[in-house]
Amino acid sequence: MEIFKKYTILYIEDDEGVRTINSRFLNRMFNELYEAKDGEEGYALYKKYHPDIILTDIKMPKLDGISLTKKIRQKDETTKIIISTAFSEKDYLMDAIELKLEKYIIKPLTSRNLMPALTKAVEALEKQKDFKIFLAEDFYFDNNTSLFYYKEKIIDFTKKELQFLKLLTLNKDRVVSYEEIEQHIWEDEYMSLNSLRTSIGFIRKKIPFNCIKNISNMGYKLNLEKKL
């Protein structure tokens, strides 16, 4: 059970009574619990806190669980999402497969159906941490330490530099948009393009080859095909 304390969870449920009961259980298990009463509030908390796991009901006011998950999956394929519902509906099950959900569980939530889902999510998070992402033969990102290494020595980055290169590395197969960079790294601060370019300039001086590529009017991505 101690392993759960390493992670954070967002719980979204519109029934206040159900939410209160399950929140007590989740609060004891996880390092941090965030609660929301509908999909819109849940999405706002997701953007603010970036929880490791999301447990959400399907049928909610303002933004239902499937629509919320689709919105998150546009830019984020790593957050573990568990959906709960009062009914087993085939259309929802098909959506669950496409949206890379950890689990689709039928209410009421009990330790019998919730614990296996949470355990599966935490095990997946642990596996994500237990590997190195190589950007070149001697240049890699270690998920265990969240640091970059070159020839087994830590590369000294500022917080924003590290967060930026980590964001690109964990999404190395796609373009990371300007909006996403601002949201994840600058958070509540305003990000000017000049400040972003300045940070990238410092990063390029510290890494062994230029692997950061600007995609005009879109954002940035890693370019690992050619070591410049």
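The present account deals with the structure reproduced in this document. Every value quoted in this text rests on a predicted model; they were computed, and no experiment measured them.

## What to know about the packing of aromatic side chains
Moving on, step 1. Using the criterion set out here, one finds 11 aromatic pairs in the structure.
Moving on, step 2. Taking the centre distance of 4.8 Å and the plane angle of 45° together, the rings of Phe 141 and Phe 148 count as tilted.
Moving on, step 3. Taking relative accessible area as the criterion, Phe 141 reaches 0% and is therefore assigned buried.
Moving on, step 4. What makes Phe 148 buried here is its relative accessible area of 0%.
Moving on, step 5. With a centroid separation of 5.9 Å and an interplanar angle of 80°, the aromatic rings of Phe 164 and Tyr 220 are classed as edge-to-face. Taken together, the residues span a long stretch of sequence, with Phe 164 in helix 6 (residues 159-170) and Tyr 220 in strand 12 (residues 219-222) at a distance of 56 residues.
Moving on, step 6. On the basis of relative accessibility, which here comes to 5%, the residue Tyr 220 falls in the buried class.
Moving on, step 7. Taken together, the ring pairs in this structure connect Phe 139, Phe 141, Phe 148, Phe 157 and Phe 209 into an aromatic cluster.
Moving on, step 8. One cation-aromatic arrangement involves Lys 71 over Tyr 43; the distance from NZ or CZ to the ring centre is 4.3 Å.

## Quick word on the pattern of salt bridges
Moving on, step 1. Summed over all chains, the structure comprises nine salt bridges.
Moving on, step 2. With its nearest N and O atoms 2.8 Å apart, the salt bridge here joins Glu 13 to Lys 107. Taken together, the positions of Glu 13 in the loop between strand 1 (8-12) and helix 1 (16-29) and Lys 107 in the loop between strand 5 (103-106) and helix 5 (111-129) put the pair 94 residues apart, joining distant regions of the chain.
Moving on, step 3. Overall, Lys 107 belongs to the partly exposed group, its relative accessible area being 24%.

## Considering the layout of surface pockets
Moving on, step 1. The computed volume of the largest pocket comes to approximately 1,300 Å³.
Moving on, step 2. Forming the boundary of the largest pocket are 38 residues, of which Thr 78, Gln 128, Lys 166, Leu 170 and His 184 lie nearest the centre.
Moving on, step 3. Put simply, the parts of the chain that give the lining of the largest pocket at least two residues each are helix 2 (39-49), helix 5, helix 6 and helix 7 (178-186).
Moving on, step 4. Of the residues belonging to the lining of the largest pocket, the class tally is 11 nonpolar, 12 polar and 15 charged.

## Points about helix 2
Two residues of an α-helix separated by three or four positions point the same way, owing to the 3.6 residues in each turn.
Moving on, step 1. Every buried residue belonging to helix 2 is among Gly 39, Gly 42, Tyr 43, Leu 45 and Tyr 46, and all of these are buried. Across the axial projection of helix 2, the buried residues extend over an arc of 165°, all falling on one side.
Moving on, step 2. Taken together, the buried residues of helix 2 touch strand 1, strand 2 (32-36), strand 3 (53-57) and helix 3 (65-73).
Moving on, step 3. A side-chain oxygen of the first residue of helix 2 lies 3.1 Å from the backbone nitrogen of Glu 40; this N-cap is Asp 38.

## Re the sheet that holds strand 12
Moving on, step 1. Spatially, the three strands line up as an open sheet ordered 10-12-11, and their pairing is antiparallel. In this open sheet, the two edge strands, each paired with only one partner strand, are strand 10 (176-177) and strand 11 (212-215).
Moving on, step 2. Of the strand pairs in this sheet, strand 11 and strand 12 are connected by four bridges, and their pairing is antiparallel. Each residue of the ladder has a partner; that of Asn 214, found in strand 12, is Tyr 220.

## Some details on unusual backbone geometry
Moving on, step 1. Residues Lys 107 and Pro 108 are joined by a peptide bond in cis, for which omega reads 0°.
Moving on, step 2. Tracing the backbone shows Pro 108 in the loop between strand 5 and helix 5.
Moving on, step 3. Phi is positive for Lys 151, close to 55°, though the residue is something other than glycine.
Moving on, step 4. Tracing the backbone shows Lys 151 in the loop between strand 8 (147-150) and strand 9 (153-154).
Moving on, step 5. Using a relative accessible area of 52% as the deciding quantity, one classes Lys 151 as exposed.
Moving on, step 6. Residue Glu 152 is not a glycine yet carries a positive backbone phi of 65°.
Moving on, step 7. In this structure, Glu 152 sits in the loop between strand 8 and strand 9.

## Brief notes about the nonpolar core
Moving on, step 1. Ranked by size, the top nonpolar core spans 26 residues in total, and within it Phe 139, Phe 164, Leu 165, Ile 181 and Ile 212 carry the most contacts.
Moving on, step 2. Of all the secondary structure elements, the ones that give two or more residues to this core are strand 6 (132-136), strand 7 (139-142), helix 6, helix 7, helix 8 (193-206) and strand 12.
Moving on, step 3. Ignoring anything within four residues of it in the chain, the contact list for Phe 139 reads Ile 133, Phe 134, Phe 148, Tyr 149, Tyr 150, Ile 155, Leu 165, Ile 207, Pro 208, Phe 209 and Cys 211.
Moving on, step 4. Within the second largest apolar cluster, 20 residues are counted, among which are Phe 4, Tyr 11, Ile 53 and Leu 109.

Conventions and cut-offs
- Residues numbered from 1 in each chain as written.
- Predicted model: local features only at pLDDT ≥ 70, side-chain atom pairs only at ≥ 80, totals over all residues.
- Heavy atoms only, no water.
- Phe/Tyr/Trp six-rings, centres within 6.5 Å; stacked < 30°, edge-to-face > 60°.
- Buried < 20%, exposed > 50% of the residue type's maximum accessible area, 1.4 Å probe, protein only.
- Helix = DSSP H or I, 4+ residues; strand = E, 2+ residues; numbered from the N terminus.
- Lys NZ or Arg CZ within 6 Å of the ring centre and 35° of its normal.
- Salt bridge = Lys/Arg side-chain N within 4 Å of Asp/Glu carboxyl O.
- 1 Å grid on protein atoms, 1.4 Å probe; cavity = no way out; pocket = protein on both sides within 12 Å on 5 of 7 lines; lining within 4 Å.
- Points joined across faces, edges and corners; volume = space filled by probe spheres on them.
- Nonpolar A, V, L, I, M, F, W, Y, C, P; charged D, E, K, R; others polar.
- Arc of directions from axis to C-beta.
- Contact = heavy atoms within 4.5 Å.
- Polar contact = N/O pair within 3.5 Å; in protein donor to acceptor, adjacent residues only side chain to side chain.
- Pairing = 2+ DSSP bridges.
- Core = buried A, V, L, I, M, F, W, Y, C linked by side-chain atoms within 4.5 Å.

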